[in-house]
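# A look at the structure
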Amino acid sequence: MPKPNDHIDGLRPIDLRIERRIAASIDKVWACLTTPDLIADWFFAVDFRPEIGHRFRIEGEPVTGWRGWTEVEILELDPPHCMLWSFDCTAEATPSRVRFELEQREDHVRLVLTHEGFVPSKTRHLLDEGWSAYTTALEALAARHGDRLPGDPGRER
């Protein structure tokens, strides 16, 4: 059964843009975005593989505005600068898109997360709160746990 388009009543544009300044190298931040055990530290425990076309599912407790699972597919990958996901989080709308962009600056990495598409109002509110919290946790992980990240001398595994 097809999903409604953006012109159907009840759907709102997502249009999220979150920027973070992360005191870490671009390789460390990229590792946090693409290493399954590190993803679990800031986001969800998922079966992630950094490959175009790879699909994984985010699962949790259903709440108003979220059915309790999201289907994700990796659409683009340009290590360590960009990753694009198809993000199917609600039955009422077509999949949206989440883009992670990284830019190495002199003493930090600039992370820009954008999430675009259309969802019900209650879902839009959840995405805003969720991505804000997840990117804050990602920033803290990359800045504080350098010893756990790939590419660090003396890294324990």
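Fair warning: this is a prediction, and the values are worked out from it, not measured in the lab. (Residues numbered from 1 in each chain as written. Predicted model: local features only at pLDDT ≥ 70, side-chain atom pairs only at ≥ 80, totals over all residues. Heavy atoms only, no water.)

## Some words on the overall build of the chain
Along the chain, the regular secondary structure elements total 3 helices and 8 strands. In the chain, the order of α-helices and β-strands from amino to carboxyl end is β-β-α-α-β-β-β-β-β-β-α. Residue burial in the chain is summarised as follows: out of 157 residues, 43% are buried. Put simply, of all contacts in the chain between residues at least 6 apart along the chain, 54% involve residues at least 24 apart. Taken as a whole, the chain presents about 8,400 Å² of accessible surface, with 48% of it coming from carbon and sulfur. (Helix = DSSP H or I, 4+ residues; strand = E, 2+ residues; numbered from the N terminus. Buried < 20%, exposed > 50% of the residue type's maximum accessible area, 1.4 Å probe, protein only. Contact = heavy atoms within 4.5 Å. Areas by Shrake-Rupley, 256 points an atom, 1.4 Å probe, with all protein chains shown as cover.)

## Some thoughts on the sheet that holds strand β4 (residues 69–78)
Pairing is antiparallel across the open sheet formed by 6 strands, whose spatial order is β2-β7-β6-β5-β4-β3. Only two strands of the sheet have a single partner each, and these edge strands are β2 (16–22) and β3 (55–59). Taking the axes of each pair of neighbouring strands and ignoring which way they run, one obtains an average angle of 20 degrees across the sheet. Here 8 bridges tie strand β6 (residues 96–104) to strand β7 (residues 109–116), and the two strands are oriented antiparallel to one another. Residue F100 lies in a different strand from β7, and its bridge partner there is L113. Contacts from helix α1 (residues 26–34) reach β2, β4, β5 (82–88), β6 and β7 within the one sheet, and its direction differs from that of β6 by about 160 degrees. In this fold helix α3 (residues 121–144) packs onto β2, β5, β6 and β7, with an angle of close to 15 degrees to the strand it touches most, β2. (Pairing = 2+ DSSP bridges. Axes fitted to C-alpha atoms, helices over the stretch in contact; angles between N-to-C directions.)

## Let's talk about the pattern of salt bridges
Pairs can form between side chains of opposite charge whenever their charged atoms are close. Summed over all chains, the structure comprises 13 salt bridges. Between E139 and R20 there is a salt bridge, with the nearest N and O atoms lying 3.9 Å from each other. Separated by 119 residues along the polypeptide, E139 in helix α3 and R20 in strand β2 bring together distant segments of the chain. By relative accessible area, which is 25% here, E139 ends up partly exposed. Relative accessible area serves as the criterion here: at 18%, R20 is assigned to the buried category. Where D88 meets R67, a salt bridge forms, and the shortest distance between an N and an O atom there is 3.4 Å. With a gap of 21 residues between them, D88 in strand β5 and R67 in the loop between β3 and β4 connect regions that are remote in the sequence. Taking the relative accessible area as the measure of exposure, D88 reaches 15% and is therefore buried. A single salt-bridge network, built from bridges that share partners, covers R17, E19, E103, R105 and R110. (Salt bridge = Lys/Arg side-chain N within 4 Å of Asp/Glu carboxyl O.)

## A short note on the side chain of T123
Of note, T123 is situated in helix α3. A residue is classified by how much of its surface remains accessible, and T123, at 3% relative accessible area, is buried. Setting aside residues no more than four positions away along its own chain, T123 makes contact with G65, C89 and T90.

## Topic: the nonpolar core
Ranked by size, the top nonpolar core spans 38 residues in total, and within it W42, W85, F87, F100 and W131 carry the most contacts. Sort the elements by how many residues they give to this core and α1 lands first, with 6 residues. Setting aside residues up to four positions removed in sequence, W85 forms contacts with F43, F48, F56, V72, E73, I74, L75, S96, R97, V98, F100 and W131. (Core = buried A, V, L, I, M, F, W, Y, C linked by side-chain atoms within 4.5 Å.)

## Some details on the packing of aromatic side chains
Summed over all chains, the structure comprises 15 aromatic pairs. Between the aromatic rings of F44 and W66, the centroid separation amounts to 6.5 Å while the plane-to-plane angle is 45 degrees, which identifies the pairing as tilted. Linking F44 in the loop between α2 (36–42) and β3 with W66 in the loop between β3 and β4, this pair joins segments that are 22 residues apart in sequence. Members of the aromatic cluster, joined through ring pairs, are W42, F43, F44, F48, F56, W66, W85, F87, F100, W131 and Y134. Geometry around W69 places R57 over its ring, the cationic atom sitting 4.2 Å from the centre. The lysine or arginine in question, R67, covers the ring of W69, its NZ or CZ lying 3.5 Å from the ring centre. (Phe/Tyr/Trp six-rings, centres within 6.5 Å; stacked < 30°, edge-to-face > 60°. Lys NZ or Arg CZ within 6 Å of the ring centre and 35° of its normal.)

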